[in-house]
Amino acid sequence: DGGITQSPKYLFRKEGQNVTLSCEQNLNHDAMYWYRQDPGQGLRLIYYSQIVNDFQKGDIAEGYSVSREKKESFPLTVTSAQKNPTAFYLCASRAPGSYNEQFFGPGTRLTVL
Amino acid sequence: ILNVEQSPQSLHVQEGDSTNFTCSFPSSNFYALHWYRWETAKSPEALFVMTLNGDEKKKGRISATLNTKEGYSYLYIKGSQPEDSATYLCAFNFGNEKLTFGTGTRLTIIP
């Protein structure tokens with residue numbers, strides 16, 4: 001089955017610790033995205049990558065970092081510099097030539113205690 | 001940052017009734033407008049990609065219209081069923097690699 005997997009589903013961390021969220025896709029899509037969702041707000045773009053070894057900041061990149069060493073994988077690190085990291089994180093990939101139609105993973109809920 | 005607005009924020013509809021909600025977006029530099037359905041504990045799922053003014057798309061009991069000149073799209077659900085309960089997201093694309101999402105309309109169908 002083709003799709004996007006995110007792990008873990010729930011993640012708890014202590015304040016001050018970095019944490020890495022996993023995102024893997026087997027759709028053979030070049031472009032991948034990380035979004036954050038907070039109550040009452042739309043999905044906000046953190047980082048995106050259009051191709052391996054390249055990525056760009058989105059609207060709220062401060063306190064986050066990413067890497068794109070393989071086409072299938074786009075991990076997101078939430079660093080201790082992120083002031084309010086507790087949120088729901090969604091990963092997506094984009095089908096080519098589709099007016100930017102994106103396919104989403106199931107998400108990871110991060111809670112920082 | 002572009003503004004994409006959805007209304008209402010939430011909606012309760014009796015099973016069997018029809019309903020509709022709105023997505024408003026900037027009318028300049030339009031490229032595409034996406035509708036997604038996001039059920040609880042699942043991934044957002046693409047419903048429609050709308051690209052032309054006057055577009056009307058349909059999938060079963062769900063349909064959508066697009067007015068790019070005035071900057072809005074309507075999503076209609078005919079004869080609501082419990083499985084229609086979800087958050088409906090719209091997302092605007094003005095031709096680059098990014099989508100700008102609205103805050104969503106949370107629809108609850110009352111049996």
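For the structure itself, look to the data block above.
Here is what the cut-offs are and how they apply
- Positions within a chain are numbered from 1, following the residues in the order the chain's sequence is written.
- Lettering for chains starts from A, numbering for ligands starts from 1, and both go in the order in which the items are written.
- Where totals are concerned, whole chains, interfaces and linings use all residues; where local detail is concerned, this predicted model gives features only for residues with pLDDT of at least 70, and gives and counts side-chain atom pairs only at 80 or more.
- Note that the side-chain values use all heavy atoms of the structure and ignore hydrogens as well as water.
- One side-chain nitrogen of Lys or Arg within 4 Å of one carboxyl oxygen of Asp or Glu is enough to make a salt bridge.
- Elements are defined by DSSP. Helices are runs of H or I of four residues or more, strands are runs of E of two residues or more, and each kind is numbered from the N terminus.
- Exposed residues in this analysis have more than 50% of their type's maximum accessible area, buried residues have under 20%, and partly exposed residues fall in between, with area computed by a 1.4 Å probe over protein chains only.
- Whether two residues are in contact is decided by their heavy atoms: any pair within 4.5 Å suffices.
- Buried Ala, Val, Leu, Ile, Met, Phe, Trp, Tyr and Cys residues form a nonpolar core when they are joined through side-chain atoms within 4.5 Å.
- In summary, the pairing rule links any two rings of Phe, Tyr or Trp, Trp by its six-membered ring, whose centres are within 6.5 Å, and it sorts them by plane angle into stacked for under 30 degrees, edge-to-face for over 60 and tilted for everything else.
- Whether a charge sits over a ring depends on NZ of Lys or CZ of Arg being within 6 Å of the ring centre and within 35 degrees of the ring normal.
- Buried area is calculated as the accessible area (1.4 Å probe) missing from two parts once they are joined, with the contributions of both summed.
- Under the scheme applied, nonpolar residues are Ala, Val, Leu, Ile, Met, Phe, Trp, Tyr, Cys and Pro; charged residues are Asp, Glu, Lys and Arg; polar residues are all the others, including Gly.
- Pairs of strands are assigned from DSSP output, requiring at least two bridges between the strands.

Enquirer: It is not clear to me how the pattern of salt bridges should be interpreted in this structure. Could you clarify?
Expert: Close approach of charged atoms allows side chains of opposite charge to pair. Residues and elements named next belong to chain A. Scanning the model with the defined rule gives 6 salt bridges over all chains in all. Between aspartate 30 and lysine 71 there is a salt bridge whose closest N-O contact spans 3.4 Å. You can see aspartate 30 sitting in the loop between strand 3 (19–25) and strand 4 (31–37) and its partner lysine 71 sitting in the loop between strand 7 (64–66) and strand 8 (76–78), a full 41 residues away along the chain. Residue aspartate 30 is classed as partly exposed on the basis of its relative accessible area, which comes to 40%. Exposure remark for lysine 71: the relative accessible area of 23% places this residue in the partly exposed category. Put simply, arginine 44 and aspartate 38 hold a salt bridge, and the shortest N to O gap is 2.8 Å. Each of Arg36, Asp38 and Arg44 takes part in salt bridges that share partners, so that together they form one network.

Enquirer: Can you walk me through the environment of Phe74(A) in this structure?
Expert: All names here are of chain A. In this structure, phenylalanine 74 sits in the loop between strand 7 and strand 8. You can call phenylalanine 74 buried: its relative accessible area is 0%. Each C-alpha atom of the pair phenylalanine 74 and isoleucine 4 lies 11 Å from the other, and the pair is 70 residues apart in sequence. If we ignore the near neighbours within four places in the chain, the residues touching phenylalanine 74 are Cys23, Met32, Tyr33, Trp34, Tyr47, Tyr48, Ser49, Phe55, Val66, Ser67 and Arg68.

Enquirer: Honestly, the nonpolar core in this entry has me stumped. Any pointers?
Expert: The nonpolar side chains of a soluble globular protein tend to be buried, and buried together. Ranked by size, the top nonpolar core spans 23 residues in total, and within it Phe21(B), Leu33(B), Trp35(B), Phe48(B), Leu75(B), Tyr88(B) and Leu107(B) carry the most contacts. When contributions to this core are tallied by element, the ones reaching two or more residues are strand 2 (10–14), strand 3 (19–24), strand 4 (32–38), strand 5 (45–50), strand 7 (62–67), strand 8 (72–77), strand 9 (86–93) and strand 11 (105–110) of chain B. In terms of residues, this core owes the most to one element, strand 9 of chain B, which gives 4 residues. Ignoring any residue separated from it by four or fewer positions in sequence, one finds Leu33(B) in contact with Cys23(B), Phe25(B), Phe48(B), Val49(B), Met50(B), Leu66(B), Ser73(B), Cys90(B), Ala91(B) and Phe92(B). Core analysis: the next-biggest nonpolar cluster, separate from the first, contains 20 residues, Leu21(A), Val66(A), Phe74(A) and Ala87(A) among them.

Enquirer: Would you mind showing me how to read the packing of aromatic side chains here?
Expert: For any pair of aromatic rings, the description rests on two quantities: the centre-to-centre distance and the angle between the ring planes. Counted according to the given criterion, the structure contains 19 aromatic pairs over all chains. Ring centres of Tyr99(A) and Tyr31(B) lie 5.2 Å apart, and the angle between their planes is 50°; on these two criteria the pair is classed as tilted. A residue pair is termed interchain when its members come from two chains, as with Tyr99(A) in the loop between strand 9 (87–94) and strand 10 (102–104) and Tyr31(B) in the loop between strand 3 and strand 4. For Tyr99(A), a relative accessible area of 37% translates into the label partly exposed. In this structure Tyr31(B) comes out as partly exposed when scored by relative accessible area, which is 37%. Ring geometry for Phe25(B) versus Phe30(B): centroids 5.4 Å apart, planes at 35°, classification tilted. Grouping residues by exposure puts Phe25(B) and Phe30(B) together as buried. Over the aromatic face of Phe74(A) sits the side chain of Arg68(A), whose NZ or CZ is 5.9 Å from the ring centroid.

Enquirer: Whenever I open this one, the interface of chain A and chain B confuses me. Can you help?
Expert: Interfaces are often sized by the accessible area lost when the parts come together. Between chain A and chain B, the contact holds 22 residues from the first and 20 residues from the second. Between chain A and chain B, a total of about 1,800 Å² is buried, with carbon and sulfur atoms accounting for 61% of that surface. Counting the contacts that link chain A with chain B gives 0 salt bridges. Residues belonging to the side of chain A that touches chain B are distributed by class as follows: 10 nonpolar, 9 polar and 3 charged.

Enquirer: I would appreciate a short explanation of the pairing of strand 3 of chain A in the present structure.
Expert: A regular strand places its side chains so that they alternate between the two faces of the sheet. Residue and element names in this part refer to chain A. Residue alternation in strand 3 divides its side chains into a buried set, Val19, Leu21, Cys23 and Gln25, and an unburied set, Thr20, Ser22 and Glu24. Where strand 1 (residues 4–7) and strand 3 come together, 4 bridges link them in antiparallel fashion. Residue pairing for strand 3: isoleucine 4 is matched across the bridge by glutamine 25. Both strand 3 and strand 8 contribute to a ladder of 3 bridges, which runs antiparallel.

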